[in-house]
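# Breakdown of the fold
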Amino acid sequence: MDISPQEDIMIKALREAELPPLFVLIRIRNDILNDTVNVEESRRDDIVKSLEKYISPLWEDYYENSKPKEIS
């Protein structure tokens, strides 16, 4: 897979910011979903579906871990 210089800069910036993976995946998904200029529609849908496969389990884990714990 070829990575453009712009993508390389973005990847480095995300690593340096130490953002949570779930946040990064959702942000990238939303950016690609809304990019009607640089990404062809058919390709955009494929990428978004792939990212959603990764986001779904992370979101479920996040949601389960963020619930208030019941006191026994």
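Counting starts from 1 at the beginning of each chain's written sequence and moves along it residue by residue. Under the rules for a predicted model, residues below a pLDDT of 70 receive no local features and side-chain atom pairs below 80 are neither given nor counted, while totals for whole chains, interfaces and linings still include all residues. Excluding hydrogens and water, the side-chain values take into account all heavy atoms of the structure.

### Description of the packing of helix α2 (residues 21-34) against helix α3 (residues 41-66)
Put simply, the rule reads: An axis is simply a line fitted to the C-alpha atoms; with a helix, the fit covers only the stretch in contact. Between two such axes, the angle follows the N-to-C directions and lies from 0 to 180 degrees. Think of it this way: any DSSP run of H or I at least four residues long counts as a helix, any run of E at least two long counts as a strand, and we number them from the N terminus. Any angle that is under 35 degrees is reported as roughly parallel, and any over 145 degrees as roughly antiparallel; angles of 65 to 115 degrees are reported as roughly perpendicular and all others as oblique. Here a crossing is taken to be left-handed if its near helix is turned anticlockwise relative to the far helix by less than a right angle, and right-handed if that turn runs clockwise. In this analysis, two residues are considered to be in contact whenever any of their non-hydrogen atoms come within 4.5 Å of each other. For this scheme, ten residues count as nonpolar: Ala, Val, Leu, Ile, Met, Phe, Trp, Tyr, Cys and Pro. Four count as charged, namely Asp, Glu, Lys and Arg, and the remainder, Gly too, count as polar.
At a closest axis distance of 9 Å, the pairing of α2 and α3 adopts a crossing angle of 155°. Relative to α3, the element α2 is oriented roughly antiparallel. Viewed along their axes, α2 and α3 form a crossing whose handedness is left-handed. Contact residues: α2 offers Leu22, Leu25, Ile26, Ile28, Arg29, Ile32 and Leu33, while α3 offers Arg44, Ile47, Val48, Leu51, Glu52, Tyr54, Ile55, Leu58, Trp59 and Tyr62. Residue composition of the contact of α2 with α3, grouped by class: 14 nonpolar, no polar and three charged.

### Let's talk about α2
Note the following rule: The span expected for a helix works out to 1.5 Å for each residue beyond the first. Relative accessibility decides the category of a residue: with a 1.4 Å probe and only protein chains considered, values under 20% of the type maximum give buried, values over 50% give exposed, and everything between is partly exposed. Working note: the arc is built from the helix axis to C-beta atom directions.
For α2, spanning 14 residues, the distance from its first C-alpha to its last is 20 Å, which sits close to the expected 20 Å at 1.5 Å a residue. Taken residue by residue, α2 has Leu22, Val24, Leu25, Arg29 and Ile32 as its buried positions. Taken end-on, α2 shows its buried residues confined to a sector of 165°, consistent with a single buried face. If you follow the buried residues of α2, they end up packed against α1 (5-17) and α3.

### Describing the pattern of salt bridges
To be explicit about the condition: A side-chain nitrogen of Lys or Arg and a carboxyl oxygen of Asp or Glu constitute a salt bridge if their distance falls within 4 Å.
Taken as a whole and assessed by the stated rule, the structure comprises three salt bridges. In this structure, the salt-bridge partner of Arg27 is Asp31, at a minimum N-O distance of 3.3 Å. Here the residue Arg27 and the residue Asp31 both occupy positions in helix α2, the gap between them amounting to four residues, near one helical turn. You can call Arg27 partly exposed: its relative accessible area is 47%. Among the salt bridges present, the one from Glu52 reaches Arg29, with a minimum N-O distance of 2.8 Å.

### Regarding the nonpolar core
Put simply, the rule is: Only buried residues count toward a nonpolar core, which is a set of Ala, Val, Leu, Ile, Met, Phe, Trp, Tyr and Cys residues joined through side-chain atoms within 4.5 Å.
Core analysis: the largest hydrophobic core is formed by six residues, namely Leu22, Leu25, Ile32, Val48, Leu51 and Ile55. At the level of elements, α2 and α3 are the ones that each hand at least two residues to this core. Excluding residues that lie within four positions of it along the chain, Ile32 makes contacts with Arg44, Ile47, Val48 and Leu51.

### Some words on α3
Here is the rule: Each residue is assigned a bend, namely the angle between axes fitted to the seven residues that terminate at it and the seven residues that start at it.
Between the first and last C-alpha of α3 there are 35 Å, a value that for 26 residues agrees with the 38 Å anticipated at 1.5 Å per step. Approximately 30° is the largest bend angle found in α3, and it occurs at Ile55, with the proline Pro57 only one to four residues beyond. Residues of α3 that are buried: Arg44, Val48, Leu51 and Ile55. Residues of α3 that are buried in the fold lie against α2.

Nothing here speaks to function; it is all geometry.
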